[in-house]
Amino acid sequence: MSITFIHAADLHLDRPFKGLSSLPQALKARVRESTFTALDRLVETAREQSVDFVILAGDIFDEANRSLRAQLHLKRACQSLEEQNIEVFMSHGNHDPLNGEWHEITYGENVHVFGSAPEVLGFNRPGKPKVNLYGFSYETRHITESMLSLYQRKSNADFHIGLLHGSIKGNTDHDVYAPFTVQELLEKDFDYWALGHIHQRLALQQEPPIHYPGSLQGLSAKETGDKGFYLVQLEEQGSEMTFISAADIIWQHLELSMGEVETMDHLVTKLKEVKEKSRLHSQGVLLRLQLKKSNHLKALLEEEFVEELLEVLREGEEERRDFVWPYTIQSSLTQDYDYEQLRKESHFLGDLIRLSENIESVPSLDELYKHVRARQYLEPLRESDQRQLIKEAERLLIEVLHKEITS
Amino acid sequence: MKFISVYIERFGQFYQWSQTFGEGSFLVLYGPNEAGKSTLMAFIKAILFGFPKKTELRPYISGPIEKLDIGGTLTIEIESIGRIKIERYLHKNEGQATLYLPHGDLGDEDDLQRQWLKGYSRRIYDSIFSFNLEGLKDLDRMKADEFNHYLFSTGMMGSSNIFKLENHLQKKAAHLFKPSGSVPPINKLISELSELKKKLTSWHRTLDDYKHWKQELTTLLDQQGQEEERLKATEHRHAQFLKYKACESLFIDYQFLLSKITEFTDHASFPDEGLSQYEQWHGRIVTLQGEAAELRSRQAALKERMQTITVDTAFIAKEEEIYSLRREYEFIQSVEPEFQVRNESLRLEQKEYALQLQKLGVVDASINIETLQTGFHIKQELKELLQRFESLKQKHQVLETTIDEQEDFITQLQETCNKGRENSMPDDQFQALETAIFRDQDRQLLIQEKQMKQQQMGDLEARKQTQKRIETLMIGLPSGFLLSLFVLGVVLIYFGAGLSGGLTIGFGLLFAAASFLIMRSLKGRQPVEPILKAIKKEMQRIDELLNQKSSEDQQQLKESYQVEKSKRDQLRFDTQRLEEAKQSYKENITRFDNVRFEMNQALAEIKQWAKVYGFPIVNNAVIYLDIYDLIEGVKERKIRMHHLEVQQQEHVDRKEAYEHKLEMLQQELEAPEYQPFDFEADLVKYKENQSKRRQLEDTIQELQEQEAGLMKKIARYQEECDKLLTEAGVETEEAFRHLAKRAEELRELKKQRESLWLQINHVVPQQDFLNQAMRWFETGYWAETQEEELIQEVKALKESLASKQKRIADLNSAIRQLEETIPHADLKHEYEEKRSELNDLAKQWAVYRTAKELLTEAKEAYRKTQLPKVLHQASEYIKEITAGRYKNIFFSEEDQFILELTEGKIIPLYQLSRGTKEQVYVSLRLALAAIFSAPYALPLFIDDGFVNFDDDRKEQTINLLKKIAVRRQVIILTCHEMNPNQGMERIDLSSERMESYG
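Calculation rules
- Sequence order sets the numbering: in each chain, residues are counted from 1 along the sequence as written.
- Lettering for chains starts from A, numbering for ligands starts from 1, and both go in the order in which the items are written.
- For a predicted model such as this one, the threshold for reporting local features is a pLDDT of at least 70, and the threshold for listing and counting side-chain atom pairs is 80 or more; totals across whole chains, interfaces and linings nevertheless cover every residue.
- Computation of side-chain values: all heavy atoms of the structure, hydrogens and water removed.
- Secondary structure follows DSSP: runs of H or I at least 4 residues long count as helices, runs of E at least 2 residues long count as strands, and numbering of each begins at the N terminus.
- Here the radius of gyration uses the C-alpha set of atoms, whereas the globule reference equals 2.2 Å times the residue count to the power 0.38.
- Three exposure classes are used, based on accessible area relative to the maximum for each residue type with a 1.4 Å probe and protein chains only: buried under 20%, partly exposed in between, and exposed over 50%.
- Whether two residues are in contact is decided by their heavy atoms, any of which lying within 4.5 Å being enough.
- To be clear on the numbers: accessible area is Shrake-Rupley with a 1.4 Å probe, and residue cover counts the displayed protein chains and nothing else.
- Strand pairing is assigned whenever DSSP detects at least two bridges linking the two strands.
- What makes a nonpolar core is a set of buried Ala, Val, Leu, Ile, Met, Phe, Trp, Tyr and Cys residues whose side-chain atoms join them at distances within 4.5 Å.
- Simply put, an axis is a line fit to the C-alpha atoms, just over the touching stretch for a helix, and the angle between two N-to-C directions goes from 0 to 180 degrees.
- UniProt positions are given in the numbering used here, feature names are shortened, and annotations may be inferred rather than shown by experiment.
- Each helix should span, by expectation, one fewer than its residue count multiplied by 1.5 Å.
- Here the positive residues are Lys and Arg and the negative ones are Asp and Glu; neither His nor the chain ends is included.
- For this analysis, a salt bridge means a side-chain nitrogen from Lys or Arg found within 4 Å of a carboxyl oxygen belonging to Asp or Glu.
- Any Phe, Tyr or Trp ring, taking Trp's six-membered ring, that has another such ring centre within 6.5 Å forms a pair; planes under 30 degrees apart are called stacked, those over 60 apart edge-to-face, and the others tilted.
- By the criterion adopted, a ring carries a charge over it if an Arg CZ or a Lys NZ lies within 6 Å of its centre and within 35 degrees of its normal.
- Patch membership requires more than 30% relative accessible area and the absence of a salt bridge. Residues of like charge join within 9 Å; the nonpolar side chains Val, Leu, Ile, Met, Phe, Trp and Tyr join within 5 Å.
- Counting of polar contacts relies on pairs of N or O atoms within 3.5 Å, with two restrictions inside protein: one atom must be capable of donating a hydrogen and the other of accepting it, and residues adjacent in sequence are counted only when both atoms are side-chain atoms.
- Summed over both partners, the accessible surface that disappears when two parts come together, traced with a 1.4 Å probe, is what is meant by buried area.
- Classes in brief: Ala, Val, Leu, Ile, Met, Phe, Trp, Tyr, Cys and Pro nonpolar; Asp, Glu, Lys and Arg charged; the others, Gly included, polar.

This part is about the overall build of chain B. From N to C terminus, chain B includes 25 helices and 14 strands. For 998 residues, the compact-globule estimate of 2.2 N^0.38 gives 30 Å, and the C-alpha radius of gyration of chain B, at 92 Å, exceeds that figure by more than 25%. Taken over the C-alpha atoms alone, chain B extends approximately 225 × 190 × 80 Å along its principal axes. Across the 998 residues of chain B, 39% fall into the buried class. Pairs at least 24 residues apart make up 74% of the contacts formed inside chain B by residues separated by at least 6 positions. Total accessible area on chain B stands at roughly 59,100 Å², and carbon and sulfur atoms take up 51% of it.

Residues and elements named next belong to chain B. Within strand S13 (residues 970-974), 5 of the 5 residues are buried, which leaves it mostly tucked inside the rest of the structure. Residues Val970, Ile972 and Thr974 line one face of S13 and the alternating positions Ile971 and Leu973 line the opposite face, and both faces are buried. Here 5 bridges tie strand S3 (residues 26-30) to S13, and the two strands are oriented parallel to one another. Paired with Leu27 across the bridge in S13 is Ile971. Sheet analysis places strand S12 (residues 940-943) next to S13, joined by 4 bridges and oriented parallel. Looking at the pairing, Ile942 lines up with Ile972 of S13.

Note on soluble globular proteins: their nonpolar side chains tend to be buried together. By size, the foremost hydrophobic cluster in this structure holds 89 residues, and its most contacted members are Leu74 of chain A together with Trp845 of chain B. At 13 residues, helix H21 (residues 823-864) of chain B tops the list of elements feeding residues into this core. When neighbours within four sequence positions are excluded, Leu74 of chain A is seen to be in contact with Leu13, Leu39, Leu56, Ile60, Phe61, Met90 and Tyr107 of chain A. Counting 87 residues, the second-largest nonpolar core is a separate cluster that includes Leu29, Ile76, Ile84 and Leu960 of chain B.

Strand pairing within a sheet occurs via backbone hydrogen bonds; the two strands may be parallel or antiparallel. Residues and elements named next belong to chain A. Strand order in the open sheet made by the 6 strands is S4-S3-S2-S1-S11-S12, with mixed pairing throughout. The strands lining the two open edges of the sheet, one partner per strand, are strand S4 (111-113) and strand S12 (238-245). Averaged over all pairs of adjacent strands, the angle between their axes in this sheet comes to 20 degrees, without regard to strand direction. The strands touched by helix H2 (residues 68-83) are strand S2 (53-57), strand S3 (87-91) and S4; relative to S3, the strand with the most contacts, the crossing angle is about 145 degrees.

All names here are of chain B. The feature "transmembrane region" (unreviewed entry), as annotated in UniProt, sits at residues 473-495 and 501-519 in this numbering. Along residues 473-495 the backbone is 96% helical and 0% strand, and the end-to-end C-alpha distance reaches 33 Å. Along residues 501-519 the backbone is 100% helical and 0% strand, and the end-to-end C-alpha distance reaches 27 Å.

With 33 residues, helix H8 (residues 274-306) of chain B ought to run about 48 Å at 1.5 Å a step, and its terminal C-alpha atoms sit 49 Å apart, in line with that. Looking at the packing, one finds that the buried side of H8 of chain B touches helix H17 (676-728) and helix H18 (733-763) of chain B.

It is worth spelling out the side chain of Glu832 of chain B at this point. With respect to the helices and strands, Glu832 of chain B occurs in helix H21. One buried charge, Glu832 of chain B, has no salt-bridge partner; the nearest side chain with opposite charge is Arg835 of chain B, at 4.3 Å. Discounting chain neighbours no more than four positions away, the residues touching Glu832 of chain B are Pro16 and Lys18 of chain A.

Glancing now at the packing of aromatic side chains. Residues and elements named next belong to chain B. Scanning the entire structure with this criterion turns up 39 aromatic pairs over all chains. Ring plane angle 45 degrees and centroid distance 6.4 Å describe the contact between Phe315 and Phe679, whose orientation is recorded as tilted. In this pair, Phe315 sits in helix H9 (residues 313-317) while Phe679 sits in helix H17, placing the two residues 364 residues apart along the sequence. Here Phe769 and Trp776 contribute two aromatic rings whose centre-to-centre distance is 5.5 Å and whose plane-to-plane angle is 80 degrees, an arrangement assigned as edge-to-face. Under the relative-accessibility criterion, Trp776 is labelled buried at 6%. Members of the aromatic cluster, connected to one another through ring pairs, are Phe241, Tyr244, Phe251, Phe769, Trp776, Phe777, Tyr781 and Trp782. Here Lys243 stacks its cationic end above the ring of Phe769, 4.4 Å away from the centre of that ring.

A few words on the environment of Ala814 of chain B. All names here are of chain B. Here Ala814 is to be found in helix H20 (residues 787-821). Relative accessible area serves as the criterion here: at 21%, Ala814 is assigned to the partly exposed category. A C-alpha to C-alpha distance of 8.3 Å links Ala814 and Trp213, two positions 601 residues apart in sequence.

Residues and elements named next belong to chain B. A cluster of nonpolar side chains, contributed by Leu473, Leu477, Phe481, Leu499, Leu503, Phe507, Leu510 and Phe511, occupies part of the molecular surface with about 790 Å² of accessible area. Counting only elements with at least two residues in the nonpolar patch, the list comes to helix H12 (427-494) and helix H13 (498-523). Per element, the largest residue contribution to the nonpolar patch is 5 residues, and it comes from H13. Mapping Phe507 onto the fold places it in helix H13. Relative accessible area serves as the criterion here: at 44%, Phe507 is assigned to the partly exposed category.

Moving on, we come to the pattern of salt bridges. Residue and element names in this part refer to chain B. Tallied over the full model, the rule gives 59 salt bridges over all chains. With a closest N to O distance of 3.5 Å, Lys198 and Glu195 form a salt bridge. You can see Lys198 and its partner Glu195 sitting in helix H7 (residues 185-261), 3 residues apart, about one turn around the helix. Its relative accessible area of 54% is what places Lys198 among the exposed residues.

Another aspect to go through is the UniProt feature "coiled-coil region" (unreviewed entry) in chain B. Under the feature "coiled-coil region" (unreviewed entry), the UniProt entry names residues 532-588, 648-734 and 787-844 of chain B. Between the end C-alpha atoms of residues 648-734 of chain B the distance is 99 Å, and the span holds 87% helix and 0% strand.

Moving on, we come to the side chain of Arg88 of chain B. Relative to the elements of secondary structure, Arg88 of chain B occurs in strand S5 (residues 82-89). Within polar-contact distance, the side chain of Arg88 of chain B engages the backbone oxygen of Gly95 of chain B at 2.9 Å.

Let us now look at the interface of chain B and chain A. Residue-level contacts link 64 residues of chain B with 64 residues of chain A. Counting each side, the surface lost to burial between chain B and chain A is near 5,900 Å², with a carbon and sulfur contribution of 63%. Put simply, chain B and chain A have 3 salt bridges between them. Across the pair Glu833 of chain B and Lys28 of chain A runs a salt bridge whose closest N-O atoms are separated by 3.8 Å. At the boundary of chain B and chain A, one finds 11 residue pairs in polar contact (both at pLDDT 80 or more). Contributing elements (two or more residues each) for the side of chain B that touches chain A: helix H2 (54-61), helix H4 (122-129), helix H5 (144-157), helix H6 (162-176), H7, H20 and H21 of chain B. Here the side of chain B that touches chain A gets 28 residues from one element, more than from any other, and that element is H21 of chain B. Taken together, the residues of the side of chain B that touches chain A sort by class into 29 nonpolar, 15 polar and 20 charged.

In structure tokens:
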């Protein structure tokens, strides 16, 4: 007696990708489609494997004001699953709460959406084990209280599965998202916990499984590596989980030691090799290259050289299905000064560091950030952003001035 | 701190080079270009602060003598502590310093950096304590602002141009964004975003429309559903109305009939169908009475007819006999021709029988034919006996012929043998000839025997030699044992070991006996000599035989022998054949006799057969079979004759019995002339009459029964009529008929009601609807309803639905069009991407702005805190250098360096001579070093500092440095000759060091 289902979360359908202004139109279009492509792959797997149902544990859409295209695409996906008699159990998360504005789309009779209060929905089909699915959808963007006390196990089923879009307590950044502890989940005595919200694939417990499948498609440069969903088979004796890749675009971040590289040619050859190694069978790769440890490279990595280098590396990629697109090259070249030492010195650079530490904001930035036209498009600078800006400015100054001193 | 001496193991062009800097603290290191001044400075810094990074170190590590380690030692002197030697090598101790302290103590890198250098770095040393005037070489080309900024930067941090950096940052930021610009990327992006936003807003409106369309569609679909329901209901109501209207008039008629029927309540007692029943019963009575009269008349007619039919019962009683006689007559008539034929056959048989008897009588007249036995097995027995006899007879003839042939053959062979004996030689002669032939063959055998004997003789000779040697040993060995052990025994006895000596002698005897016996057995018991003699004798005999001379005409003998031998072989063969022929002849004679005996025996058996079965006995056995066949034929004919006779007798008997029976019947029925067919004809006639009479009787009986039945029925029908009158409550038929008329009228009304009801049911076949319609009729449900109103209502609903469907189709089309195109999503992506790009660029801009801000702030802080101290110290120095001509250096609000002359006059520095500018620069650098809070006064390195100074200023500067040198060691590196001053030590560096290295 077993059931098979798919557990996915954080689809963020139609999410705009940022920081990819360099992408040519064809690749841009593919990247824009990638969240949908990933969903289509999920549906394809569900149909191939003839799963009993699909669980979507929150953040199906990217914003409260869901795009029409995203909703229509999901509708088509659900219809395709309905043709195979596959049911869908989904909840809305912090990115697509119920109070958002969206177009009235009905998804079909095979789709069951959890309401704002935890409830139990049943999977009840002749010849199949009876399954109780527990879950809720976010009413608003933030839920600061734990919702687990409202998950009441009903013993009229063979299997019990919990859906929860949230984060572990104590994770301060995320505490506003239905916080929970693993112990609390275990106490519910469920057979499986289908979590969502954390975009990284993560197992909190092996048996009973408590898993974050991660986002279905890497959504930003931070979400590196392969992304997808779990194909789960639940049996009385235990569970078997298989991760299945769904992402069409893979973000990669490579730190490369450039030890002996001295010339541009050498650098290009080396980076081309790296690029080819990064190429995947059918997925596109967005590559961030971070170059380390070479003083010779300093001169090579001036701004204009970097642009030139990117152009060379991007050559011919636009037409490829399995493209590898280096979207940025950064250098974290070894500093030839000791920051802590500098900070202590009574030299001007020491003064500069000490001064930067005491500055909290830079009023002159208002010229842009409070600009009447610009401000509506700019994200306001938070304290942490300002701190980072000051740090970067300080680094820039030290690098230039230090070079002058020692040259 | 003071540098005392250096030892360079290897560094740049220095190899195992040492130099003492002397006791003074004001030092001029003189050397031409490439003499190694900078290398020496780099060495000292490397020893103090550690080796720089490989790239910086590279110029100093290549060279021909690479086996030497890079590095060396630097000896410094610190007041209050003493001299410390710092040793540092690139490989040794992995580049870490080792300190040799004044009292023999050792220190390490950590001590050096923390305790002695107090955290001073190469950078600080480079920027503060060592400087050159390289930057001043473009002094003439500098504008006022640039010069002031340059000096300010120098005063701030030694060498860099902060103002340049500030400008650079400003430019970078402006390149990205200008508050009122349109070209910089950020401004461009803002414009693009603005455009995109407009489009998006427009799309939002469209999407709002979409939302409204969706809502309207939902509402319309709801309304459509409701209206469809209403239309359906109204159409249904209309249909019901029409159906009701179709039967309403019928309902009215029906209602009228029902009211009329209720008026006939007083005639309820008249029986249903009373009149018709009465009429029916009455009618039947009349009919039945007519039928009864008819029956009676028919009976009378039948009785009359019966009287005319006669019947003789005597004939009928004899029916069986009459028919039997008639059948017997027919049979006798039918077999009469057959009787005549049989008579003729019998006569012919008797004639033939007589003939055959006559034929047999020739053989033996005494035979009684009827007693003879015949049969298949008897005949078979005879055939077998005759067959055997015939076979023996044939064999007898064959043997007779064979014996005659054999007699002739024996005679011929006898003659041949006699001739053969005559031609061959006598036996003794032939034997002699044979002996002579065989002797030659024995000769070969004799040679082989002789060779064998010779070999036997050789073996025997060898055996004879061995026996001789054993005989010798047989005597020697026991004697030796006996003698030696005897001597040993005697010696032992002599020395007092009596027992041992005795035993030894005993052993000696024992060994001697044993060895003798062993030898004898080895020698063998049989003597060889007599055998040898016998063999020799045999050999002599063989030699004699071999020496006999062979026959001279051996060949001839062989030929004669072969001829004679073949003759003798032929004779032996013929003789053998003769004997065999004689033997065969004898055997055939015996066989012939046996066959003849068997033949006689077989004939006797045949005769015995004849005797047993009564056949005549004849000598010729062959005719027995014919006799048998004749007798068998006679016997058969006799049987046939008897059979015919029996049949003729039976026929005669039957004929007589018939005639007797006929006579009897004629008498009984008194018809003497009647033949069987006459009797039969009468019988048939009487039987027919009898049958007719019976039929008539039955008919009369039947008619009587019918008449009785009719009378019964008439009585019962009359009862029924009376009963109807009673039921109707009347006594007379007339009263009954009146009542019947009224009842008929009521029945007619009911019939009409039924018909009407059927009509209603035909119009409204559904029972439910009929019931409903009846209720509607009763309650007047449709009384107020007009058909036109219903039609109008349906029409209105249909129109409304059509308009809604059109609107729904339009909305669906619009929604679908929007859903299928969706350019909005792409627009949004583009908008978000641009926004992201804008934010990235803004952050880049913010970094430049922040950096500039930081720099400005640091500069301001410096201007407020550090600069006054530096200027104050620099003023002291410039006064010293210019011998009091200038007394103060200021930095104005307009970012200008200003010099104050002793007399109080103020002149912007930029307007003064190059030399003065250089002096101010030197003063600022010295001041910076002076106010720097170093733990120990670090030595000051000045690289070619005073090239452009005039002699006076140079001297005054030297004097100033001399004063400074009191507090800290000053080392000037120069390639220009300088006048030796008091207190200044000079060290020359040679550029030919490489050649001098041995």
